[in-house]
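A closer look at the structure
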Amino acid sequence: MTLPHSDFERLTVDDNARRAIESHGQPEHSLDPSAREMKEKTHTGIELTGAELAYLQKITFDRIADVGDRISAIEKSLHEGSVPNSRNSEEELNGLRKELHFLQNNLSEKLFG
């Protein structure tokens, strides 16, 4: 695999990650076929060295901390009424909570389990 270079390839990576987060924890019957396939198909052919696993653990841990910090900041701003657009902040908060749940209850279980 090569890294995505074109804007389309980057959008595809972003869209796949967004769909993975959105579908996490959802009942199977509520998923569209591509989301169901994404959840069911395993990629067991990926082999990692100890160094690669350690780095993936670090970036996952760092991302969990960053998302948690961002959630706290948005919640504080919403509570204080200091956000310019509360609807956008609520939407961002909802997306971040979903991402945090995915990271904590899916990805980190596999990387730290």
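Residues numbered from 1 in each chain as written. Predicted model: local features only at pLDDT ≥ 70, side-chain atom pairs only at ≥ 80, totals over all residues. Heavy atoms only, no water.

**Digging into the environment of Tyr-55**
- Along the chain, the position of Tyr-55 falls in helix α3 (residues 50–80).
- Take Tyr-55: its relative accessible area is 53%, and that puts it in the exposed class.
- Put simply, Tyr-55 and Glu-37 are 18 residues apart on the chain and 28 Å apart in space, counted from C-alpha to C-alpha. (Helix = DSSP H or I, 4+ residues; strand = E, 2+ residues; numbered from the N terminus. Buried < 20%, exposed > 50% of the residue type's maximum accessible area, 1.4 Å probe, protein only.)

**Topic: the side chain of Ser-23**
- Take Ser-23: it is sitting in helix α1 (residues 7–23).
- Overall, the relative accessible area of 4% leaves Ser-23 in the buried class.
- Setting aside residues no more than four positions away along its own chain, Ser-23 makes contact with Leu-31, Ala-35 and Lys-39. (Contact = heavy atoms within 4.5 Å.)

**Side note on the environment of Asn-16**
- Among the secondary structure elements, Asn-16 is positioned in helix α1.
- Residue classification places Asn-16 among the partly exposed positions, given a relative accessible area of 31%.
- Counting along the chain gives 19 residues from Asn-16 to Ala-35, while the straight-line C-alpha distance between them is 8.9 Å.

**Re the pattern of salt bridges**
- Within the structure shown, the criterion is met by eight salt bridges.
- Arg-10 is the salt-bridge partner of Asp-7, the closest N and O atoms lying 3.6 Å from each other. Residue Asp-7 and its partner Arg-10 are located together in helix α1, separated by three residues, close to a single helical turn.
- With a relative accessible area of 57%, Asp-7 lands in the exposed category.
- Between Arg-63 and Glu-99 there is a salt bridge; the shortest N-O distance is 2.8 Å. (Salt bridge = Lys/Arg side-chain N within 4 Å of Asp/Glu carboxyl O.)

**Considerations on the packing of α1 against helix α4 (residues 86–112)**
- Close contact between α1 and α4 brings their axes to 8 Å; oriented N to C, the two are set at 80 degrees. With respect to each other, α1 and α4 are oriented roughly perpendicular. Residues Ala-20, Ile-21 and Glu-22 of α1 form the contact with α4, whose participating residues are Lys-98, Glu-99 and Phe-102.
- When its residues are assigned to classes, the contact of α1 with α4 shows three nonpolar, no polar and three charged. (Axes fitted to C-alpha atoms, helices over the stretch in contact; angles between N-to-C directions. Parallel < 35°, antiparallel > 145°, perpendicular 65-115°, else oblique. Nonpolar A, V, L, I, M, F, W, Y, C, P; charged D, E, K, R; others polar.)

**Considering the environment of Glu-99**
- Within the fold, Glu-99 resides in helix α4.
- Apart from the residues lying within four places of it in its own chain, the contact partners of Glu-99 are Ile-21, Arg-63 and Val-67.

**Some remarks on the confidence of the model for the protein chain**
- Residues at a pLDDT of 70 or more form 96% of the protein chain, whose mean pLDDT is 87.
- Here helix α2 (residues 33–40) is the element of the protein chain with the lowest mean pLDDT, 80, and α3 is the one with the highest, 94. (pLDDT = per-residue confidence, 0-100.)

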